[in-house]
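Residue-level structure breakdown
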Amino acid sequence: MRTIPIPVDTNRLTFTCVKQPRPRLINKDTGEIKTDKTGQVVYEVICSVEDTSGRIELVKVAVSGEPPITSGDEVIPVDLAGYVWEISGRWGISYRATAFTPARGVDGA
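Residues numbered from 1 in each chain as written. Predicted model: local features only at pLDDT ≥ 70, side-chain atom pairs only at ≥ 80, totals over all residues. Heavy atoms only, no water.

**Looking at the overall build of the protein chain**
The helix and strand inventory of the protein chain stands at zero helices and eleven strands. Put simply, the protein chain runs from its N terminus to its C terminus through helices and strands in the order β-β-β-β-β-β-β-β-β-β-β. Radius of gyration (C-alpha) of the protein chain: 15 Å, near the 13 Å computed for a compact globule of 109 residues. Dimensions along the principal axes, computed over C-alpha positions, put the protein chain at roughly 45 × 30 × 25 Å. Per element, the accessible surface of the protein chain, about 7,600 Å² overall, is 51% carbon and sulfur. For the protein chain, the centre of its 13 positive side-chain charges and the centre of its 14 negative side-chain charges are spaced 6 Å apart. (Helix = DSSP H or I, 4+ residues; strand = E, 2+ residues; numbered from the N terminus. Rg over C-alpha atoms; globule rule 2.2 N^0.38 Å. Areas by Shrake-Rupley, 256 points an atom, 1.4 Å probe, with all protein chains shown as cover. Lys, Arg positive; Asp, Glu negative; His and termini not counted. Charge placed at Lys NZ, Arg CZ, Asp CG, Glu CD.)

**Let's talk about the side chain of Glu-44**
In this structure, Glu-44 sits in strand E6 (residues 42-50). Excluding residues within four positions of it along the chain, Glu-44 makes contact with Pro-21, Arg-22, Arg-24, Lys-60 and Val-61. (Contact = heavy atoms within 4.5 Å.)

**Comments concerning the layout of surface pockets**
The calculated volume of the largest pocket comes to roughly 460 Å³. As for the largest pocket, its lining consists of 18 residues, of which Arg-24, Ala-62, Ser-94, Tyr-95 and Arg-96 are closest to the centre. Residue contributions to the lining of the largest pocket peak at five residues, all from strand E7 (residues 56-64). Here the residues of the lining of the largest pocket sort into ten nonpolar, two polar and six charged. (1 Å grid on protein atoms, 1.4 Å probe; cavity = no way out; pocket = protein on both sides within 12 Å on 5 of 7 lines; lining within 4 Å. Points joined across faces, edges and corners; volume = space filled by probe spheres on them. Nonpolar A, V, L, I, M, F, W, Y, C, P; charged D, E, K, R; others polar.)

**Observations regarding the state of the cysteines**
Inspection of every chain in the model, using the stated rule, returns zero disulfides. Sulfur of Cys-17: no disulfide; nearest cysteine sulfur belongs to Cys-47 and is 5.6 Å away. Here Cys-17 falls in the buried class, since its relative accessible area comes to 1%. (Disulfide = S-S within 2.5 Å. Buried < 20%, exposed > 50% of the residue type's maximum accessible area, 1.4 Å probe, protein only.)

**Looking at the environment of Gly-65**
Mapping Gly-65 onto the fold places it in the loop between E7 and strand E8 (74-78). The sequence separation of Gly-65 and Ala-99 amounts to 34 residues, and the corresponding C-alpha distance is 8.1 Å.

**Here's the deal with the nonpolar core**
Counting residues in each nonpolar core, the largest one holds 14 residues, and the members touching the most others are Phe-15, Val-45, Cys-47, Val-61, Ile-69, Val-75 and Phe-100. For this core, the secondary structure elements donating two or more residues are strand E2 (14-17), E6 and E7. For Phe-100, the residues in contact, after removing those within four places along its chain, are Val-45, Cys-47, Val-61, Val-63, Pro-67, Pro-68, Ile-69, Val-75, Ile-76 and Pro-77. (Core = buried A, V, L, I, M, F, W, Y, C linked by side-chain atoms within 4.5 Å.)

Structural measurements only, silent on function.
In structure tokens:
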């Protein structure tokens, strides 16, 4: 199955970091950390995402390099995309952003 990125329009969504970003592990037993093609550490950012109707979901977003955010920050994922995956009859969507920026200071906040 070829993975094609699906762009996510974040303009009508509010993202809040709910847990301190941490390096993504490849193997929990050995502690091996995932890196991207350039050798940068891949971080996991867990966010609550609220739409304009008030519906909230938790999502885990991967990003290369340590993002300058912390738990509780309202954030903006840059170039957020979803990727559909399937393994042994199970499927889901994984998310990746090119960066995260704090939302403070945006629109006078």
